[in-house]
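Okay, here's what each chain looks like letter by letter:
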Amino acid sequence: MSTGTTHAVPPHLDPAVWPASAQVGVDGAVSVGGVDLRTLAADHGTPAYVLDEADFRARARHFRTAFAEAFAPLGVGVDVYYAGKAFLSVAVARWAHEEGLRIDTATGGELAVALRAGVPGLDVGLHGNNKSDAELDRALAAGVGRIVLDSLEEVGRVADAAARAGTRAPVMVRVTTGVHAGGHEYISTAHEDQKFGLSVTGGQALAALRAVLARPELELLGIHSHIGSQILDPSGFELAAHKVMALRAELAALTGHLVPEVDLGGGFGIAYLPGEVPLDPERVAKDTARTVAEACASLGTPPPRISIEPGRAIVGPTTLTLYTVGTVKPVSVTEDLVRTYVSVDGGMSDNLRPALYGAAYTAAVVSRAAEAATVRARVVGKHCESGDVVVRDVALPADVARGDLLAVPATGAYGRSMASNYNHVPRPPVVAVRDGVATVIVRRETEDDLLGLDVG
Ligand SMILES: Cc1ncc(COP(=O)(O)O)c(C=O)c1O
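Residues numbered from 1 in each chain as written. Predicted model: local features only at pLDDT ≥ 70, side-chain atom pairs only at ≥ 80, totals over all residues. Heavy atoms only, no water.

Student: Looking at this model, I keep getting lost on the overall build of the protein chain. Mind explaining?
Tutor: Scanning the protein chain from N- to C-terminus turns up 12 helices and 21 strands. In terms of overall size, the protein chain behaves like a compact globule, its C-alpha atoms giving a radius of gyration of 23 Å where 456 residues would be expected to give roughly 23 Å. Based on the C-alpha atoms only, the size of the protein chain along its principal axes is roughly 75 × 55 × 45 Å. By the burial criterion, 54% of the 456 residues in the protein chain qualify as buried. By sequence separation, contacts in the protein chain at least 24 residues apart represent 71% of the contacts at least 6 residues apart. (Helix = DSSP H or I, 4+ residues; strand = E, 2+ residues; numbered from the N terminus. Rg over C-alpha atoms; globule rule 2.2 N^0.38 Å. Buried < 20%, exposed > 50% of the residue type's maximum accessible area, 1.4 Å probe, protein only. Contact = heavy atoms within 4.5 Å.)

As structure tokens, this is what we get:
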């Protein structure tokens, strides 16, 4: 009977997958941001999200400069909105803003975090396919820079909210271009049969844009297109940009109004597994700038100011989730295969993506040198579902044992932000590391937090 044994390997820290400052020390233990993960676990407990602040800031800057430089020859500026849905906290909103980004929010809660961080309303955008009146009123009171309309019905609702607030609401209209892109059906957002946006081909996009122009309480800033998430093939962005520029020109021909801005959304894919190649922001920026220049030249329209909304590509690779190994159980799968089930002290409550999308991750023992031969392992959580899988298939040292620290990299996006209290498990803290210092930016939930909501 084989155990799927391969060669012994030390933790392989593929720089595309692990936080930029991750390093293996002489004793084989891993540090991030100059903080030994064993010390971090001792001080803050596990599970914990460990976020490399310098990496976050560098990625934010990279998007800003790559797009600004690519579009400079067209004579137009670029605004980068950090998509807070990927992960938002007061500290992260502040870092993003300090690095020259604006904040894209999708709910009143995300808006509240951005405002708490001191981000001026003008530098915040509000999305959402079902915004409440309270969310609209709050956004207008905060003076947000734009509200992205997602339905024809919302044109009237936002105009009425603006009238109530005695202001003029700056709006964009989110359109679906029919370009289907992204890592999973649930995160592909511009094909026709889903809930977001207004169809270009079906004519609803044009109707909504004209409806906005008919309402004096609304200021039409532009057209918004987000085609999906975890996109690794840049051609979708170009195709969508073409379609949006054509729609902009069509609206101008019909109404005489040339919208000044176009948002091309987020969705820039990252590497989750060693060997995967993330989408290169510089390449997308250059390709999209060329597409916009060519499209506008052939349509006879000046290029618009551009905005983008990256979330995952800024925060995803900056963070790892640190767990402690508990039960280790060999399971005979077939006569030829024994799989080692490694249970950790978290699971689908801190990372829903494997259960939701079948998302793949890697893992490594980070508290010691991993010199033993490896076994085929499955990292699982502590929840009451057999689908509570953290990493479906990974080679771990055969001597992996209770008490080892295990890290799963690239969990910064849609990890903490989608976390739940399933099985009444308190959500882990987010600990930022930088220059040898670990700082809790979101504290661990406690049983008192959970019981405090239960009013009997
Ligand atoms: C409108 C919009 N903008 C931006 C994003 C961010 O996408 P990503 O995190 O893949 O960059 C999303 C994600 O769903 C979105 O719906």
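Structure shown, so let's carry the discussion forward.
Student: Would you explain the site of the ligand in this entry?
Tutor: Neighbouring the ligand are 15 residues; Ser 229, Gly 267, Glu 309, Arg 312 and Tyr 414 lie closest to it. A distance of 2.3 Å separates an oxygen atom of the ligand from a polar side-chain atom of Ser 229. Between Glu 309 and the ligand, the recorded distance is 2.6 Å, taken from a side-chain N or O atom to a nitrogen atom. Isolated, the ligand exposes 390 Å² of accessible area, and the fraction of that covered by the protein chains is 93%. Across the shell around the ligand, the residue classes break down as three nonpolar, seven polar and five charged. (Near = heavy atom within 4 Å. Polar contact = N/O pair within 3.5 Å; in protein donor to acceptor, adjacent residues only side chain to side chain. Areas by Shrake-Rupley, 256 points an atom, 1.4 Å probe, with all protein chains shown as cover. Nonpolar A, V, L, I, M, F, W, Y, C, P; charged D, E, K, R; others polar.)

Student: Help me understand the pairing of strand β19 (residues 405-409), please; the structure alone is not making it clear to me.
Tutor: Side-chain direction in a regular strand flips from residue to residue, so the side chains alternate between the two faces of the sheet. In terms of burial, β19 is largely enclosed, as five of its five residues are buried. Neither face of β19 is exposed, since Leu 405, Ala 407 and Pro 409 on one face and Leu 406 and Val 408 on the opposite face are all buried. When strand β14 (residues 319-334) meets β19, the two strands line up antiparallel, connected through five bridges. The partner of Thr 324 across the bridge, within β19, is Leu 405. Bridge count for strand β16 (residues 364-365) against β19 is two bridges, and the pairing is antiparallel. Each residue of the ladder has a partner; that of Ala 364, found in β19, is Ala 407. (Pairing = 2+ DSSP bridges.)

Student: Any chance you could explain the environment of Lys 243 here in plain terms?
Tutor: Tracing the backbone through its elements, the reader meets Lys 243 in helix α8 (residues 235-255). Relative accessible area serves as the criterion here: at 34%, Lys 243 is assigned to the partly exposed category. Lys 243 sits 78 residues away from Thr 321 along the chain, and the two C-alpha atoms are 40 Å apart.

Student: Explain the nonpolar core here, please?
Tutor: In globular proteins that are soluble, nonpolar side chains generally tend to be buried together. In terms of nonpolar packing, the biggest core is built from 126 residues, with Tyr 82 and Leu 322 touching the most fellow members. When residues of this core are assigned to domains, at least three fall in each of domain 1 (23-52 + 317-453) and domain 2 (76-310). (Core = buried A, V, L, I, M, F, W, Y, C linked by side-chain atoms within 4.5 Å. Domains from an automatic or database assignment.)

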